[in-house]
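Here is how the chains run, residue by residue.
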Amino acid sequence: MALVIMTGASGSGKTAIAKTIEESHPSITVLRFDTIGIPSADVMATFGSGHMPGGAWQRAMTFRWLEGIAPMLVEGKTVLFEGQMRIAFIREALAAFKIEKARILCVECDDATRLRRLTHDRLQPELANESMMGWSRYLHREALEAGYEILDTTNLPLSDRVRFVLSLLEDHPKPIERDESHSSPR
């Protein structure tokens, strides 16, 4: 079994990698956080106001996804999961569902590339804003502080990005180190 979790802000290239792997490697289970849809602000508010940034809704959905992934891993499946999730939430959920081996990868790009991808490639200019750029910087810092890998897709062809993620899926996952001071996986 192998589990790779890709996180990163919109426009970083996560979905392009995931879709390519899904199409070319049917033996790999590919899951995308956004397939559950993004509820209205009112619905998100019903989950509470804590756990910023990301919010209580994102934390709850990260837990829900990893709860569903845990039995897949027990069955021996190889899973690629991508979405915009705080690493802190991923770590909490991995610990809660006793998933001891996983690779967490922060996928990112520079702001100019994100702006081009969101505005021209994805036709979602409303996402190309300072809030998204700040979210990207936050996830980058979180990955650095926790010691996780970062894949900068700015100048990397899609084929190389896919090859890199496949190498993580084929490599035996690293055990998650426990940070005893916070009793959460690392």
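Right above here is the structure, for reference.
No experiment lies behind these values; they were computed from the predicted model shown. (Residues numbered from 1 in each chain as written. Predicted model: local features only at pLDDT ≥ 70, side-chain atom pairs only at ≥ 80, totals over all residues. Heavy atoms only, no water.)

Describing the overall build of the chain
Okay, so step 1: Within the chain, the regular secondary structure consists of seven helices and seven strands.
Okay, so step 2: Each helix and strand of the chain, placed in order from N terminus to C terminus, yields the pattern β-α-β-α-α-β-α-β-α-α-β-α-β-β.
Okay, so step 3: Out of the 186 residues in the chain, the part that is buried amounts to 45%.
Okay, so step 4: Considering only intrachain contacts with a sequence separation of at least 6, the fraction spanning at least 24 residues in the chain is 79%.
Okay, so step 5: With an accessible surface of roughly 9,400 Å², the chain has 53% of that area assigned to carbon and sulfur atoms. (Helix = DSSP H or I, 4+ residues; strand = E, 2+ residues; numbered from the N terminus. Buried < 20%, exposed > 50% of the residue type's maximum accessible area, 1.4 Å probe, protein only. Contact = heavy atoms within 4.5 Å. Areas by Shrake-Rupley, 256 points an atom, 1.4 Å probe, with all protein chains shown as cover.)

Thoughts on the side chain of serine 136
Okay, so step 1: Within the secondary structure layout, serine 136 lies in helix H6 (residues 130-146).
Okay, so step 2: Sequence-distant contacts of serine 136, defined by excluding residues within four places in its chain, comprise Ala9 and Arg114.

Observations regarding the pairing of strand E1 (residues 2-7)
Okay, so step 1: Here E1 lies mainly inside the structure; six of its six residues are buried.
Okay, so step 2: Side chains Ala2, Val4 and Met6 project from E1 onto one buried face, and the interleaved Leu3, Ile5 and Thr7 project onto a second face that is buried too.
Okay, so step 3: Judged from the six bridges that link them, E1 and strand E3 (residues 78-83) form a sheet pairing that is parallel. Residue leucine 3 lies in a different strand from E3, and its bridge partner there is valine 79.
Okay, so step 4: Of the strand pairs in this sheet, E1 and strand E4 (residues 103-108) are connected by four bridges, and their pairing is parallel. Within E4, the residue paired with threonine 7 across the bridge is cysteine 106. (Pairing = 2+ DSSP bridges.)

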